[in-house]
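Structural overview
Residue strings, one per chain:
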Amino acid sequence: GDFVSGFPTAEEDIKNMSRMYHAHKRDIGAKDLFMCQGNHDGTWQKWNSTSHQVKAKDIVTDKTWTNMFLKNIDGAVYDSTNPLGGYLYKDYEDKKVRIIILNTCDICVYDENGYLKYNAMYDNAIRQQQLDWLVNYALDFSAKGEDKTNWGIIVFTHFGVDVDNDWFPHGAALIEN
């Protein structure tokens, strides 16, 4: 995450993040490039803490992020109820490794007027829907049969999942969906 530092418009962020993505993909020569959305990736700096006058058109949403950077990963498994939520897993059968990408900027929640309720620049979270998917799907190896206990897991996030730090000002409190 933090492939850009919040340009004045979402269009500029998208252009620059796309440029960075293609440069990384070219430079490392990997088939799969896993990118976690960061708190600077999406013009979150436009947030006005007093008026909260930011709408989806003003930021790079989870849907845009997923379509740009995560939907091109062959064999990736997404949440069927939220396929553009910015999180996924992919199995590497030959290595017996599952890569899990979690979205710690999972707070694209809008109020009744269509404005964002939270600012992902400073309020970072994983909503219950994503946690349920993690527990019930991403960490479920029952389909691997007798081999299910021989798998490794690598989890990528932008922020660590430590709820007692300055980046999670609400601590372990749940964010309203």
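Look a little higher up for the structure.
Given the structure is predicted, the values throughout are model-derived calculations rather than measurements.

Let us look at the overall build of the chain. Each helix and strand in the chain was counted, giving three helices and four strands. Going residue by residue from the N terminus, the α and β elements of the chain occur as α-α-β-β-β-α-β. Looking at the 177 residues of the chain, the share that counts as buried comes to 42%. Sequence separation of 24 or more characterises 62% of the internal contacts of the chain that already satisfy a separation of 6 or more. Counting every atom, the chain has about 9500 Å² of accessible surface; 52% of that belongs to carbon and sulfur.

Here we have four strands laid out as an open sheet, ordered E1-E2-E3-E4, and mixed in their pairing. A single partner strand is all that each edge strand has here, and the edge strands are strand E1 (77-78) and strand E4 (152-156). As paired elements, E1 and strand E2 (residues 88-92) share two bridges and run antiparallel to each other. Bridging from a neighbouring strand, Val 77 pairs with Tyr 89 of E2. Across the sheet, helix H3 (residues 128-138) lies against E1, E2 and strand E3 (97-101), angled at about 170 degrees from E3, the strand it touches most.

Right, let's talk about the pairing of E3 for a bit. For E3, a buried count of four out of five residues is recorded, marking the element as mostly surrounded by other parts of the structure. Sheet analysis places E2 next to E3, joined by five bridges and oriented antiparallel. Among the inter-strand pairings, Asp 91 is bridged to a residue of E3, identified as Arg 98. What sits between the antiparallel neighbours E2 and E3 is a turn of four residues, in which Lys 96 has the positive phi angle 55 degrees. Here E3 pairs with E4 via five bridges, running parallel. Bridged to Val 97 within E4 is Gly 152.

Our focus in this paragraph is the nonpolar core. The biggest cluster of nonpolar side chains holds 16 residues, and the ones touching the most others in it are Met 35, Trp 65, Phe 69, Leu 70 and Leu 88. At the level of secondary structure, the elements contributing two or more residues to this core comprise helix H1 (10-28), helix H2 (62-70) and E3. Counting residues in hydrophobic clusters, the runner-up holds eight residues, among them Tyr 89, Ile 126, Trp 133 and Ala 138.

The next thing to look at is H3. When we look at burial in H3, the residues that qualify are Gln 130, Trp 133, Leu 134 and Ala 138. Buried positions in H3, seen along its axis, are confined to an arc of 100 degrees and lie on one side of it. The inward-facing, buried residues of H3 contact E1, E2 and E3.

With respect to the helices and strands, Arg 98 occurs in strand E3. Engagement of the side chain of Arg 98 in a polar contact is seen with the side chain of Asp 91, the distance being 2.5 Å.

This part is about the packing of aromatic side chains. Within this structure, the stated rule accounts for five aromatic pairs. When the centroid spacing of 5.8 Å and the interplanar angle of 40 degrees are considered together, the rings of Phe 141 and Trp 151 count as tilted. Pair noted here: Phe 141 is in the loop between H3 and E4 and Trp 151 is in the loop between H3 and E4, with a separation of 10 residues, a long-range link. Per residue, the accessibility class of Phe 141 equals that of Trp 151, and both read buried. Aromatic ring contacts, followed pair by pair, group Tyr 21, Trp 65 and Phe 69 into a single cluster. Over the ring of Tyr 89 we find Arg 98, and its NZ or CZ is 4.0 Å from the ring centre. The ring centre of Phe 141 lies 4.0 Å from the NZ or CZ of Arg 98, which sits over that ring.

Calculation notes
For every chain, the first residue of the written sequence is number 1, and numbering continues from 1 onward in sequence order. This being a predicted model, a pLDDT of at least 70 is required before a residue's local features are given, and a value of 80 or more before pairs of side-chain atoms are given or counted; all residues contribute to the totals for chains, interfaces and linings. Side-chain calculation: all heavy atoms of the structure are included, whereas hydrogens and water are not. Counting from the N terminus, the helices are the DSSP runs of H or I reaching at least four residues and the strands are the DSSP runs of E reaching at least two. To sort residues, take the accessible area from a 1.4 Å probe on protein chains only and compare it with the maximum for the residue type: under 20% means buried, over 50% means exposed, and anything in between is partly exposed. It only takes one pair of heavy atoms within 4.5 Å for two residues to be counted as in contact. Under the convention used here, a 1.4 Å probe and the Shrake-Rupley method define accessible areas, while residue burial counts only the protein chains that appear. Paired strands, in this sense, are two strands between which DSSP finds at least two bridges. Axis lines are fitted through C-alpha atoms, for helices just across the contact stretch, and the angle between N-to-C directions can take any value from 0 to 180 degrees. To form a nonpolar core, buried Ala, Val, Leu, Ile, Met, Phe, Trp, Tyr and Cys residues must be joined to one another through side-chain atoms within 4.5 Å. Directions from the helix axis toward the C-beta atoms define the arc. Two N or O atoms count as a polar contact when they lie within 3.5 Å, although within protein this holds only if one can serve as hydrogen donor and the other as acceptor, and sequence-adjacent residues are included solely when both atoms are side-chain atoms. By convention, a stacked pair of Phe, Tyr or Trp rings (six-membered ring in the case of Trp) has centres within 6.5 Å and planes under 30 degrees apart, an edge-to-face pair has planes over 60 apart, and any other such pair is tilted. We count a charge as sitting over a ring when the NZ of a lysine or the CZ of an arginine lies within 6 Å of the ring centre and within 35 degrees of the ring normal.

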